[in-house]
Amino acid sequence: MAIQRKKITVVGAGFTGATTALMLVQKELGDVVLVDIPQLENPTKGKALDMLEAGPVQGYDSNITGTSNYEDAKDSDIVIITAGIARKPGMSRDDLVNTNAGIMKSVCENIKTYAPNAYVIILSNPVDAMTYVAFKTLGFPKNRVIGQSGVLDTTRYFTFISQELNVSVEDVHGFVLGGHGDDMVPLVRYTNVAGIPIDQLIPQNRIDAIVQRTRTGGGEIVSLLGNGSAYYAPAASLVQMTEAILKDKKRLLPSIALLQGEYGYNDLFIGVPTILGGDGIEKIIELNLTAEEKAALNKSAQSVRNVIQVVEQG
Ligand SMILES: NC(=O)C1=CN([C@@H]2O[C@H](COP(=O)(O)OP(=O)(O)OC[C@H]3O[C@@H](n4cnc5c(N)ncnc54)[C@H](O)[C@@H]3O)[C@@H](O)[C@H]2O)C=CC1
Ligand SMILES: O=C([O-])CC(=O)C(=O)O
C-alpha cells in the first residue's frame, strides 16, 4: 500500500488552533483538518484556505482544510484540542472550568466516534482538569491522552534564563513540573546551561525572580494582550509534542499524564517528565525530589485536585 501522509485534526480554530495549524503545515508534519463550531464554518474554511495558499510561497505541500463536520476528522492520527474560551485580565485559568468542561465533553464524544485510534493532545484550560475530562470521555488508554503545559512553561523558563545570561536558548536545559497554574514547579536543581547548573551562573535572588516570572508567565501575556491569552508559544509547544509522536522521536518532554502511583499520586493528571514517542506517552520519568520540591509539587497537585472536584460536582 502507498505510504500516506499523516492526518492531524486541530479542534478550535481560534488563536491557538489556527497558529498551531500553520506551524504544523510549515513543518509538513501531515495534512491538517481545522474544526470549529457550525456558526464559524466559513471563517474556519477561510483560515484554512488562506494557509493553504501560503504553501507555494513557503514551499509546503501539506493540505489544510476547514470544517465544522467531525466526519472530516475521520481516522486522524493525532487530534489536538484547543476548543474553549480563553481567560481575560483578572481571571484565573480555573474560572474557565465549567464552560470548557462542557465543550471538552462534546468535542471528545465526536473524537471517540470518528478518530478512535488517535493520539489526543489537550490544550484547553484549565488544562490538567480538561485532560482528565478528555480521558474520562474518550475512554482511550492513558498513553493516548496527553495534556500540554510543561513544554510551554519550560520554554518560558528557558527564555528568561537565556536573556539573563545572554546565552543561546539552545544551551538551556531543564523542565517545569506540576499543574499549569501559579503553583507550578520550575525545577531549579535540574536546570543547567550546557551542563553547568544555573546556581553556579545566576545569583539566587535572580533565580527566584525567574521562577516567579515563569509561574505567572501566562498571566503576563494575558495582561499585555488585554483580550485573550498567549498563542505563539503554546502553538509551538503543541507542534513539538506532535512531532515527537509522529516521528517517534522519544523526546523527554514534560506532559500532563495520568499518574497511577508515580510521585505518590493516584488517578491524577499533572505535568511530569515523560518520553513522548510513536506510542504517545511511552514512559513517565520519576525523579528524586528533595522535601522542599515534593512539598511544592504537593501544593500544585492539590490545586489541580480542587479544580477536578469542581468538574465532578458540576
Ligand atoms: N494549556 C496551555 O498551555 C494553554 C491553554 N490555552 C487555552 O486554550 C484554549 C483556546 O485558546 P485560544 O485559541 O486563544 O481561544 P480562542 O477563543 O481564540 O479560540 C477557541 C476556539 O474554540 C472554538 N470552540 C468553542 N467551542 C467549540 C466546540 N464545541 N467545538 C469546536 N470548537 C469550539 C471557538 O469557536 C474558538 O474559535 C483556551 O481555553 C485557553 O485558555 C491557551 C494557551 C496555552
Ligand atoms: O494564561 C493563559 O490563560 C493561557 C495559558 O495557559 C498560558 O499562556 O500559559
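What counts, and where the lines are drawn
Residues numbered from 1 in each chain as written. Chains lettered and ligands numbered in written order. Predicted model: local features only at pLDDT ≥ 70, side-chain atom pairs only at ≥ 80, totals over all residues. Heavy atoms only, no water. Near = heavy atom within 4 Å. Polar contact = N/O pair within 3.5 Å; in protein donor to acceptor, adjacent residues only side chain to side chain. Areas by Shrake-Rupley, 256 points an atom, 1.4 Å probe, with all protein chains shown as cover. Helix = DSSP H or I, 4+ residues; strand = E, 2+ residues; numbered from the N terminus. Pairing = 2+ DSSP bridges. UniProt positions renumbered as here; feature names shortened; annotations may be inferred. Contact = heavy atoms within 4.5 Å. Nonpolar A, V, L, I, M, F, W, Y, C, P; charged D, E, K, R; others polar. Buried < 20%, exposed > 50% of the residue type's maximum accessible area, 1.4 Å probe, protein only.

### Focus: the site of ligand 1
Item 1. Surrounding ligand 1, one finds 29 residues, the nearest of these being Phe 15, Thr 16, Asp 36, Ile 85 and Leu 123.
Item 2. Note that an oxygen atom of ligand 1 is positioned 3.2 Å from one of the side-chain N or O atoms of His 180.
Item 3. Against a free-state accessible area of 870 Å², the protein chains account for coverage of 86% of ligand 1.
Item 4. Broken down by secondary-structure element, the contributors of at least two residues to the shell around ligand 1 are helix 1 (15-26) and helix 4 (97-114).

### Regarding the sheet that holds strand 7 (residues 172-173)
For sheets, the rule is that strands pair by backbone hydrogen bonds, running either parallel or antiparallel.
Item 1. Strand order across the open sheet formed by three strands is 7-10-11, with antiparallel pairing between neighbours. The open sheet has two edge strands, strand 7 and strand 11 (196-197), and neither has a second partner.
Item 2. Pairing between strand 7 and strand 10 (residues 192-193): two bridges, direction antiparallel. Bridged to Val 172 within strand 10 is Val 193.

### Things to note about the UniProt feature "binding site: substrate" (unreviewed entry) in the chain
Item 1. As annotated in UniProt, the feature "binding site: substrate" (unreviewed entry) corresponds to Arg 87, Arg 93, Asn 125 and Arg 156 in the numbering used here.
Item 2. Its location among the elements puts Arg 87 in the loop between strand 4 (78-81) and helix 4.
Item 3. Here Met 91 takes part through its backbone oxygen, which lies 3.2 Å from a polar atom of the side chain of Arg 87.
Item 4. Examined against the element boundaries, Asn 125 turns out to sit in the loop between strand 5 (119-122) and helix 5 (127-138).
Item 5. The residues contacting Asn 125, other than those within four sequence positions of it, are Arg 93, Leu 96, Asn 100, Met 130 and His 180.

### Considering the site of ligand 2
Item 1. All residues adjacent to ligand 2 are Arg 87, Arg 93, Asn 125, Leu 152, Arg 156, His 180, Gly 218, Val 222, Ser 229 and Ala 230.
Item 2. Contact between ligand 2 and Arg 87: an oxygen atom at 2.6 Å from a side-chain N or O atom of the residue.
Item 3. Asn 125 is positioned such that a nitrogen or oxygen atom in its side chain is 2.9 Å from an oxygen atom of ligand 2.
Item 4. Here ligand 2 loses 95% of its free accessible area of 260 Å² to cover by the protein chains.
Item 5. Sorting the residues of the shell around ligand 2 by element identifies helix 6 (150-165) and helix 8 (217-225) as the ones contributing at least two each.
Item 6. Partitioned by chemical class, the residues of the shell around ligand 2 number three nonpolar, four polar and three charged.

### Looking at the UniProt feature "binding site: NAD(+)" (unreviewed entry) in the chain
Item 1. As recorded in UniProt, the feature "binding site: NAD(+)" (unreviewed entry) lies at Gly 12, Ala 13, Gly 14, Phe 15, Thr 16, Gly 17, Asp 36, Asn 100, Leu 123, Ser 124 and Asn 125.
Item 2. Position of Phe 15 relative to the elements: it lies in helix 1.
Item 3. Residue Phe 15 is classed as exposed on the basis of its relative accessible area of 54%.
Item 4. Its place among the elements puts Leu 123 in the loop between strand 5 and helix 5.
Item 5. The exposure class of Leu 123 is buried, given its relative accessible area of 11%.
Item 6. In contact with Leu 123, other than residues within four places in its own chain, are Thr 16, Ile 81, Thr 82, Gln 148, Pro 234 and Leu 238.

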